[in-house]
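Listed here are the chains, written in short residue letters.
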Amino acid sequence: MAIRTIVLREDPSLRNISRPVTNFDARLHTLLDDMRETLIEADGVGLAAPQVGVLRRIAIVFNGVNYLELINPEIIGTEGEQTGAEGCLSVPGICGTVSRPNFVKVRAQDRNGNHFEVGGEGLTARAFCHEIDH
Ligand code: ZN
């Protein structure tokens, strides 16, 4: 595993459209392992692949228990609303006030391509929305 460099907001990777993941191979697994290590090192709750310069639809979200690997994620349901401070590892030192759903349900694939659904509330719901926006 290796720590990857988190790109900052000037980087074009953050503006381009990410493509879906189609190969669930060793290269993907290495990327996921690196992203997890990078997120732990940065002490964050979420990291999306474009933030490490990879234009693929991949995000990792720490829900307080597990580091969830979300491949080709989509939001399939939301409930409620929350408004609060939200930051981004690619925009260090800056926090904005953002309204998000309080509960978010996501459908995604795991590192082997199997579909699953996962829900999260509060900070986890916020992280789902933020990382999928990336
Ligand atoms: Zn971000």
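Note that residues are indexed from 1 along each chain, following the sequence as it is written. Predicted model: local features are reported for residues with pLDDT of at least 70 only, side-chain atom pairs are reported and counted for 80 or more only, and whole-chain, interface and lining totals are derived from all residues. To get the side-chain values, take all heavy atoms of the structure and skip hydrogens and water.

*Asks:* What should I look at first to understand the overall build of the chain in this one?
*Replies:* Counting from the N terminus, the helices are the DSSP runs of H or I reaching at least four residues and the strands are the DSSP runs of E reaching at least two. The number of helices and strands found in the chain is two helices and seven strands. Put simply, the chain runs from its N terminus to its C terminus through helices and strands in the order α-β-β-β-β-β-β-β-α. All radius of gyration figures rest on C-alpha atoms, and the globule criterion is 2.2 Å times the number of residues raised to 0.38. Against the globule reference of 14 Å for 134 residues, the chain gives a C-alpha radius of gyration of 14 Å, in line with a compact fold. Considered along the principal axes of its C-alpha atoms, the chain spans approximately 40 × 35 × 30 Å.

*Asks:* How should I be thinking about the nonpolar core in this particular structure?
*Replies:* Proteins that are soluble and globular tend to have nonpolar side chains buried together. Residues Leu-28, Leu-32, Met-35, Leu-47, Ile-58 and Ile-71 are the most contacted members of the largest nonpolar core, which totals 13 residues. With five residues, the top contributor of residues to this core is helix 1 (residues 26-42). Leave out the neighbours within four places in its chain, and Ile-71 touches Val-21, Phe-24, Leu-28, Leu-32, Arg-57, Ile-58, Ala-108, Gln-109, Asp-110 and Arg-111. Here, nonpolar core refers to any group of buried Ala, Val, Leu, Ile, Met, Phe, Trp, Tyr and Cys residues whose side-chain atoms link them within 4.5 Å. Only protein chains enter the calculation, and the probe is 1.4 Å; a residue is then buried if its accessible area is under 20% of its type maximum, exposed if over 50%, and partly exposed in between. Grouped together as the second largest cluster of nonpolar side chains are 11 residues, Val-61, Leu-68, Phe-128 and Cys-129 included. Contact between two residues is taken to exist if any of their heavy atoms lie within 4.5 Å; hydrogens are not considered.

*Asks:* Teacher, can you tell me more about the side chain of Gln-82 here?
*Replies:* Along the chain, the position of Gln-82 falls in strand 4 (residues 82-87). Here Gln-82 falls in the buried class, since its relative accessible area comes to 15%. Any pair of nitrogen or oxygen atoms within 3.5 Å is treated as a polar contact; in protein, a donor-acceptor pairing is required on top of that, and neighbouring residues in sequence qualify only through side-chain atoms on both sides. Within polar-contact distance, the side chain of Gln-82 engages the backbone oxygen of Gly-122 at 2.9 Å. Excluding residues that lie within four positions of it along the chain, Gln-82 makes contacts with Val-98, Ser-99, Arg-100, Pro-101, Asn-102, Gly-122, Ala-125 and Arg-126.

*Asks:* Sorry, what's going on with the coordination of the zinc ion here?
*Replies:* In a perfect tetrahedron of four donors around a metal, the angles come out at 109.5 degrees. In a perfect octahedron of six, they are 90 or 180 degrees. Only N, O and S atoms count as donors, using a 2.8 Å limit from the metal and a wider 3.2 Å limit for Na, K and Ca, and since water is excluded some coordination spheres may look unfilled. Around the zinc ion, the protein supplies Cys-88 (SG), His-130 (NE2) and His-134 (NE2) as donor atoms, at distances of 2.0 to 2.2 Å. Mapping the donors of the zinc ion onto the primary sequence yields the spacing C-x41-H-x3-H. With a gap of 46 residues between them, Cys-88 in the loop between strand 4 and strand 5 (95-100) and His-134 in the segment after helix 2 (123-133) connect regions that are remote in the sequence. Exposure remark for Cys-88: the relative accessible area of 16% places this residue in the buried category. When its relative accessible area of 23% is taken as the criterion, His-134 is described as partly exposed.

*Asks:* Can you help me understand the packing of aromatic side chains in this one?
*Replies:* Two descriptors summarise a pair of aromatic rings, namely the distance from one centre to the other and the angle between the planes of the rings. Stacked, tilted and edge-to-face are the three classes assigned to paired rings of Phe, Tyr and Trp, where Trp is represented by its six-membered ring and a pair needs centres within 6.5 Å; plane angles under 30 degrees give stacked, over 60 edge-to-face, the rest tilted. Throughout the structure, instances matching the rule amount to one aromatic pair. Residues Phe-62 and Tyr-67 carry aromatic rings whose centres are separated by 4.3 Å and whose planes lie at 25° to one another, so their mutual orientation is stacked.

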